Amino acid sequence: MLCFIDHDDGREPAGRGVEQVLDELEREIGEPDPGRLRHERVARGARRPQEGEGGDHGEDGGAAGLEALRGSLAELGYKQQFERRWTGFSNFAISFSIICILAGGINSLGQGIAGVGGAAIGIGWPLGCMVSLVFALGMAQIASAYPTAGGLYHWGSILGGRALGWVTAWFNLIGLTTVLAAINVGTYLFFVNALGPSLGLDLDALLPASPTAYSITVQTIVVGLITISHGLINHLGIRLTSKLTDFSGYLILFGSVALTVALLIAAPHLDFSRLVTFTNNSGDAGGGVWPQTNNLVYLFLLGLLLPAYTITGFDASAHTAEETINAARTVPKGMTHSVLWSGVFGWIMLCSIILAAPDLTEAASKGGAQFFFITDQVLPGPVKLALYLVIFVAQY
């Protein structure tokens with residue numbers, strides 16, 4: 001997954017350390033009581049651009065609007081250094097792209113089906129997405145008051161103190177590092193499974209039942225190259241990343257709709273009862289994804305990892321706040337809309353996969369290869385290959 005980092009050519013990073021920002025604020029106002037200082041910051045940060053100050057001048061903003069935004073940042077201890085080029089769609093697209101239902105929704109499909117079958121999608125996916133939406137709404141409210149590039153760690157430092165900001169920053173960094181690694185590994189595995197046969201790759205050697213030195217070495221090299229290429233693209237500047245973000249947003253929308261339509265047309269029959277039927281697919285019945293158990297509640301909760309893993313990263317809209325036009329209004333919309341539409345489009349897409357399976361019980365037994373087993377059975381070769389290419393590009 002291409003994860004964009006906010007920066008601009010030759011400019012000082014806007015996401016300055018929390019320690020530096022707080023030190024500057026304290027030097028300006030002396031050494032007040034920490035509790036009173038925190039409340040004063042909240043009051044200052046709660047100011048939004050008023051009508052006519054920003055965003056109401058069109059997508060390109062206006063001189064008065066930019067001055068108002070600079071003033072809002074100054075009240076938070078920041079100096080406006082970035083050029084605000086990002087539109088509302090760009091801010092939405094970066095979170096929508098990082099969520100990427102064509103990545104998490106497909107690569108982690110087995111976590112749901114291998115638990116309680118179709119009910120993990122029909123019932124579990126909407127439930128998990130609603131939980132993520134609650135978090136997005138809370139973060140959107142804070143972002144409207146603090147439209148700064150620091151995002152979570154800056155909010156944590158202002159509202160909860162330096163210690164909380166420090167802990168939040170480290171959790172955010174660790175989460176970004178591990179999730180990015182997991183997504184890039186998933187992209188590699190998808191490429192090998194989906195496009196490997198057409199390219200003449202030896203799948204038995206690259207994806208053996210038990211990892212070998214050769215398979216581990218190849219995977220490490222390819223995943224490393226993917227990650228390095230992401231870093232190089234980010235290094236080229238915000239203009240390129242903004243264009244790629246917009247393209248990725250459109251591609252994910254197109255890809256999910258195209259996959260849904262193709263599967264529903266090719267489905268041998270449509271049994272909607274699958275979407276609310278609980279089936280114990282633990283153990284061998286689910287390809288060994290989850291250990292054998294008779295506890296359906298436990299399996300259903302495990303299946304919630306599918307939406308929980310997929311609907312993440314929507315705080316990216318906040319990290320690009322200082323490059324977004326009318327950030328106090330645009331960033332909250334970007335976060336909430338990315339979660340909402342990812343949930344809706346993802347649910348419809350995943351339901352189509354469940355409905356298209358000729359035999360869902362047999363598909364569940366394939367474990368992590370469930371998606372490929374279903375598409376191999378129902379989609380014509382050229383259509384399947386074209387969809388695989390779109391999904392791979394979107395995952396990258």
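Quick caveat: nothing in here was measured; it's all calculated off a predicted structure. (Residues numbered from 1 in each chain as written. Predicted model: local features only at pLDDT ≥ 70, side-chain atom pairs only at ≥ 80, totals over all residues. Heavy atoms only, no water.)

Further remarks concern helix α9 (residues 162-199). Taking 1.5 Å per residue as the helical rise, α9 with its 38 residues ought to reach 56 Å, and the 53 Å between its terminal C-alpha atoms agrees with that figure. Along its length, α9 shows its largest kink, about 40°, at asparagine 193, and proline proline 197 lies within four residues downstream of that point. By the burial criterion, the buried members of α9 are Gly165, Leu180, Ile183, Asn184, Gly186, Thr187, Tyr188, Phe190, Val192, Ala194, Leu195 and Gly196. Positive phi appears at glycine 200, one or two residues downstream of α9, with a value of about 75°. (Helix = DSSP H or I, 4+ residues; strand = E, 2+ residues; numbered from the N terminus. Expected span 1.5 Å × (residues − 1). Bend = angle between axes of the 7 residues up to and from the residue. Buried < 20%, exposed > 50% of the residue type's maximum accessible area, 1.4 Å probe, protein only.)

On the surface, a nonpolar cluster with roughly 670 Å² of combined accessible area is contributed by Trp166, Val167, Trp170, Phe171, Leu173 and Ile174. Look at isoleucine 174 and you get partly exposed, because its relative accessible area is 49%. (Patch = residues over 30% accessible without salt bridge, like charges linked within 9 Å, V, L, I, M, F, W, Y side chains within 5 Å. Areas by Shrake-Rupley, 256 points an atom, 1.4 Å probe, with all protein chains shown as cover. Salt bridge = Lys/Arg side-chain N within 4 Å of Asp/Glu carboxyl O.)

When its volume is computed, the second largest pocket comes out at roughly 530 Å³. Lining the second largest pocket are 27 residues; nearest its centre among them are Leu189, Asn193, Leu207, Gly368 and Ala369. Among the elements that take part in the lining of the second largest pocket, α9 stands out by supplying six residues, more than any other. Of the residues contributing to the lining of the second largest pocket, the split by class is 16 nonpolar, eleven polar and no charged. (1 Å grid on protein atoms, 1.4 Å probe; cavity = no way out; pocket = protein on both sides within 12 Å on 5 of 7 lines; lining within 4 Å. Points joined across faces, edges and corners; volume = space filled by probe spheres on them. Nonpolar A, V, L, I, M, F, W, Y, C, P; charged D, E, K, R; others polar.)

With that settled, consider the nonpolar core. The nonpolar side chains of soluble globular proteins are, as a tendency, buried together. The biggest cluster of nonpolar side chains holds 62 residues, and the ones touching the most others in it are Leu102, Ile106, Phe190, Leu259, Leu350 and Phe371. Sorting elements by how many residues they give to this core places helix α16 (residues 327-356) first, with eleven residues. Not counting chain neighbours up to four residues away, the residues in contact with leucine 350 comprise Gly105, Leu109, Ile121, Trp125 and Leu306. Counting residues in hydrophobic clusters, the runner-up holds nine residues, among them Val116, Ala119, Trp290 and Leu299. (Core = buried A, V, L, I, M, F, W, Y, C linked by side-chain atoms within 4.5 Å. Contact = heavy atoms within 4.5 Å.)

Aromatic rings in a pair are described by how distant their centres are and how their planes are angled relative to each other. In the structure shown here, the tally under the stated rule is twelve aromatic pairs. An angle of 20° between the planes, with centres 5.1 Å apart, marks the rings of phenylalanine 92 and phenylalanine 96 as stacked. Of this pair, phenylalanine 92 and phenylalanine 96 both sit in helix α4 (residues 88-99), separated by four residues, roughly a single helical turn. Here phenylalanine 92 falls in the buried class, since its relative accessible area comes to 11%. Judged by relative accessible area, phenylalanine 96 falls into the buried class, the value being 1%. For the ring pair phenylalanine 278 and phenylalanine 300, a centre distance of 5.8 Å and an interplane angle of 50° mean the geometry is tilted. Here phenylalanine 278 is found in the loop between α12 (238-266) and α13 (296-303), whereas its partner phenylalanine 300 is found in helix α13, with 22 residues between them in sequence. (Phe/Tyr/Trp six-rings, centres within 6.5 Å; stacked < 30°, edge-to-face > 60°.)

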